[in-house]
Amino acid sequence: MKFMKIFVFVFMCFLLSTISIAQINYEPINNNIYDFLEDISIKGIVKYNDEVKPLSRSYIAKILIEIDSKKESLSNLEKEELEFYYKEYFDEMYNRNATAEKEGGSVYRNDLLKFGKTDRLRFFSYYDSLFTINVDPILGYTIGSQYGASYLHRWNGASTFGSFGNNIGFDLNFMDNLEQGNNIDRKKSLTQIRGMNIIKENKNSIEYTFVNASISYNWNWGTISLGKDYQTWGSGKNGQLILSDKAPSFPMIKLEIAPTDWLRFVYIHGWLYSGIMDSSTFRYGIVKGRDTYSQIPNFIAAHMVSIDLKKNIAFSLGESIIYSDKIQPYYLIPIMVFRIADQNLQTKGSNSGSNAQLFGNISYIPDFLKVKLYSTIFVDELSLEDLFSGKDHSAIGFTFGGKFVNPIIENSSVIIEYTRINPFVYMNSDLVEQYASHGYQLGHWMGSNGINLYCQYSQKVFRGLNFNISGELVKKGKKELHEEQYEPSYPSILYGNKYNEKSIVIEISYEYIHDLFVKLNYKYSDISDEDKTRTPSFMLGKQSSFGVSVYYGM
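Residues numbered from 1 in each chain as written. Predicted model: local features only at pLDDT ≥ 70, side-chain atom pairs only at ≥ 80, totals over all residues. Heavy atoms only, no water.

**Points about the pattern of salt bridges**
Okay, step 1: Under the criterion given, the structure shown has 27 salt bridges.
Okay, step 2: Overlapping salt bridges, with partners in common, bring together E27, R57, E88, E92, R120, R122, D136 and D515 in one network. (Salt bridge = Lys/Arg side-chain N within 4 Å of Asp/Glu carboxyl O.)

Spelled out as C-alpha cells, the structure:
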C-alpha cells in the first residue's frame, strides 16, 4: 500500500509538470473523416498514421491544418470536404481554451439548437477558458426488408465531449437499440456488424444498448486515459485481425506515446467479459430461481510499437496476452515482454500459463502510385521446433490489401483485400482465456478456419453524397474442437462442414449537414452451410435485403 501511494504521488507530479498543448477527445472509429484523411495521404499530400484508432480530434485538426496549407493539390470536391471538416474541428484547430483565455476568459456559448461561429449545428455547446462541453442527440430509424421479411431498427441516445483546461478531456456516448422483424440476425456472428449483449428479446424483437465513455490526460508527447470504447489495431477495411470493433467495447487503461515524429507506442490493459461461471461465488437466493453467481474475471494486456521506416512506410510490431482470475502486476508494466513474463509465472508441470499472441502490421504508399498497400499478420501459436520436425502446430492469420485512389475516375477509390485465418486462431483450451469477450472474438469478425475476399468501389458524387458497391466471398470450415489442438498436426484450413457466402452490397449515403444522414442500402446474398446449427435457416439460399435509414449522430 505504501508503494502504491508513492507511485501515485510520483506519477501525478510527472503529469502536472508536463507541458500542455491541447485536450484529447476521441473521434468514433466509424466517422467519415478517417476515409477523407486516408485518401489525401494516399495522394501524397500529407503523412497520416492510422494503425491505431480512434484518433484524437486534436490530431485530426493538426492534419487538416496541414492539408489546408497544400489545398492547391486537392480536387474541387476535396476542397469542399476540407471546408466541411474545417467547420467540425474549428475549435481544435484554433485551441478554443487558449482563445478564450487570451480574450480574458470571456464566455462563448451556443444555446439550444443554434449554429456556432462556423455554421456547425450543435444541440448545446459551451466553452470558456476552463471548461468546454458539446452535447448532441443520437437518433436513427431504419425500415426495410431483411431476408424476405419486414424489418425495423430504431436507436436513440446522446453524445457529449468536452474538456477541463488544456489537458483533461472527456467523451460519452450511449444508444438504446430496438430491432423488430421475423428474420432478425440475433447472433450477428458471421458479419462485420458489431456484436452486442441482448438485454431483452421476444419472438420478433431484440433490445440492446451501446455505451462508451473515457476521460483522458495528455501532455505534449503522450496521453493516458481510462475508458470504455471501441479500438482497432492494424490495417483492414473489412475487419482487423489484431483488435476490431466486433466484440462489445470493454473498459481499459490506455497509454499512447509519440516521443518523435517517427515513433509511436500504445499500451492497453482491459477488463473483458468471460461469461464463465465462477462456481465458488454461487449463492442460493431466497426466491426460487433467483440464485446469483459471479463470472470468472479475465483481462487483456497489449502493446504495439510503430516505426516510420521511411516517409511512406510504417511498420508495427506488438503482442498481447489474455489472462484470468486476478490482476497480474507483470502485465501492468507497459514495456514488459508478456510472453516471457507468462513463462516466469507458470508452475512447472502444470497448465498454468496464459494465452499470448504476437502480431505485426505494415503499410506502404509508393511515391509513383496513388495506392496504399498493407498487410497484417497475427500469430496465436507457432512452434518452429514442430515446424522443422514436420508437425504443423501454427495458428496464424494474415491480411493483404490495397486501396487505390482515383484509379480511373476522379474522387473514386477501389479496395481489394484478402484475409486468411487458419484453424485455432483466437482459440484456447481454457475457455476463460480465449481471445474473446462477450462470446465474440476480439479480432476479425470471420473467426478462425476461414478465407475472405473483399472488393469495394466507392465514388464521391458531390460533397456529402457517396456511392459504394462491394462484393464479398466468405468460406469457412467447421467450428474446431479444442481436443483437435493436441493432435500430432493441425488440420488444413477449411476442413470439416463448409460455409459459403457470396454477397453484393450497394449503398448510397448523403450527409446533408454535419452528422445528419440519409442512407439507402441493398444486399444480395447467397449462403450455404453444411452445419445445420450454425446459420439460421432464413439466411440460407439466395436472399435480398434492403433498407432506408435516416439518422443524426454517429
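We are not done yet, so read on.
**Digging into the confidence of the model for the protein**
Okay, step 1: The share of residues in the protein with pLDDT of 70 or more is 89%, and the mean pLDDT across the chain is 89.
Okay, step 2: Low confidence marks residues 1–20, where pLDDT is under 50. Its contacts with residues over four positions away, or in another chain, come to 12 contacts. (pLDDT = per-residue confidence, 0-100. Contact = heavy atoms within 4.5 Å.)

**Considerations on helix α3 (residues 57–68)**
Okay, step 1: Between its first and last C-alpha, α3 extends 16 Å over 12 residues, near the 16 Å set by a 1.5 Å rise per residue.
Okay, step 2: Among the residues making up α3, those that are buried are R57, S58, I60, A61, I63, L64 and I67.
Okay, step 3: The inward-facing, buried residues of α3 abut α2 (33–42), α4 (76–88), α5 (90–93), β4 (121–122) and β7 (149–164). (Helix = DSSP H or I, 4+ residues; strand = E, 2+ residues; numbered from the N terminus. Expected span 1.5 Å × (residues − 1). Buried < 20%, exposed > 50% of the residue type's maximum accessible area, 1.4 Å probe, protein only.)

**Details of the packing of aromatic side chains**
Okay, step 1: Tallied over the full model, the rule gives 27 aromatic pairs.
Okay, step 2: Taken together, a centroid distance of 5.5 Å and an interplanar angle of 75 degrees make the contact between F84 and Y85 edge-to-face.
Okay, step 3: Its end group placed over the ring of Y230, R194 keeps NZ or CZ at 3.8 Å from the ring centre.
Okay, step 4: The residue whose ring lies beneath R463 is F84, and the NZ or CZ to ring-centre distance is 3.9 Å. (Phe/Tyr/Trp six-rings, centres within 6.5 Å; stacked < 30°, edge-to-face > 60°. Lys NZ or Arg CZ within 6 Å of the ring centre and 35° of its normal.)

**Brief notes about a nonpolar patch on the surface**
Okay, step 1: A contiguous nonpolar surface patch, about 700 Å² in accessible area, is contributed by Y364, F368, L369, L373, F404, I416, L453 and L473.
Okay, step 2: Of note, I416 is situated in strand β22 (residues 412–421).
Okay, step 3: Overall, I416 belongs to the partly exposed group, its relative accessible area being 42%. (Patch = residues over 30% accessible without salt bridge, like charges linked within 9 Å, V, L, I, M, F, W, Y side chains within 5 Å. Areas by Shrake-Rupley, 256 points an atom, 1.4 Å probe, with all protein chains shown as cover.)

**Quick look at the environment of I504**
Okay, step 1: Structurally, I504 can be placed in strand β27 (residues 499–513).
Okay, step 2: I504 sits in the partly exposed class, given a relative accessible area of 41%.
Okay, step 3: Sequence separation between I504 and L473 is 31 residues; the distance between their C-alpha atoms is 9.3 Å.
Okay, step 4: Other than its neighbours up to four places away in sequence, I504 contacts I469, S470, G471, Y522, K523 and Y524.

**A few points about the packing of α3 against α4**
In helix packing, the relevant descriptors are the interaxial angle and the interaxial distance, both defined with respect to the helix axes.
Okay, step 1: Running from N to C, α3 and α4 cross one another at 145 degrees; their axes reach a closest spacing of 11 Å. Considering the relative orientation of α3 and α4, their crossing is left-handed. Together, R57, L64, I67 and D68 of α3 and L82, Y85 and E88 of α4 make up the contact between the two elements.
Okay, step 2: In the contact of α3 with α4, the residues fall into 4 nonpolar, no polar and 3 charged. (Axes fitted to C-alpha atoms, helices over the stretch in contact; angles between N-to-C directions. Left-handed = near helix turned anticlockwise from the far one by under 90°. Nonpolar A, V, L, I, M, F, W, Y, C, P; charged D, E, K, R; others polar.)

**What about the pairing of strand β13 (residues 250–257)?**
Okay, step 1: Pairing geometry for strand β11 (residues 222–229) and β13, over 8 bridges, is antiparallel. When the bridges of β13 are listed, G222 appears paired with I257.
Okay, step 2: Where β13 folds back onto strand β14 (residues 263–271) in an antiparallel hairpin, the turn is made up of 5 residues. (Pairing = 2+ DSSP bridges.)

**Overview of the nonpolar core**
Okay, step 1: Judged by nonpolar contacts, the single largest core of 48 residues is most densely connected at W233, I242, L243, I300, F378, Y435 and L442.
Okay, step 2: Looking at this core, the elements with two or more residues in it are β10 (205–219), β13, β14, β17 (298–310) and β28 (516–529).
Okay, step 3: Apart from the residues within four sequence positions on either side, L243 is in contact with Q231, T232, W233, I268, I300, Y435 and L442.
Okay, step 4: Counting 20 residues, the second largest nonpolar core, distinct from the first, contains F36, I60, I63 and L74. (Core = buried A, V, L, I, M, F, W, Y, C linked by side-chain atoms within 4.5 Å.)

**Points about the environment of K502**
Okay, step 1: Position of K502 among the secondary structure elements: in strand β27.
Okay, step 2: Distance in space between the C-alpha atoms of K502 and E472 is 5.8 Å, their sequence separation being 30 residues.
Okay, step 3: Residue contacts for K502: discarding those within four places in its chain leaves E472, L473, Y524, S525 and D526.

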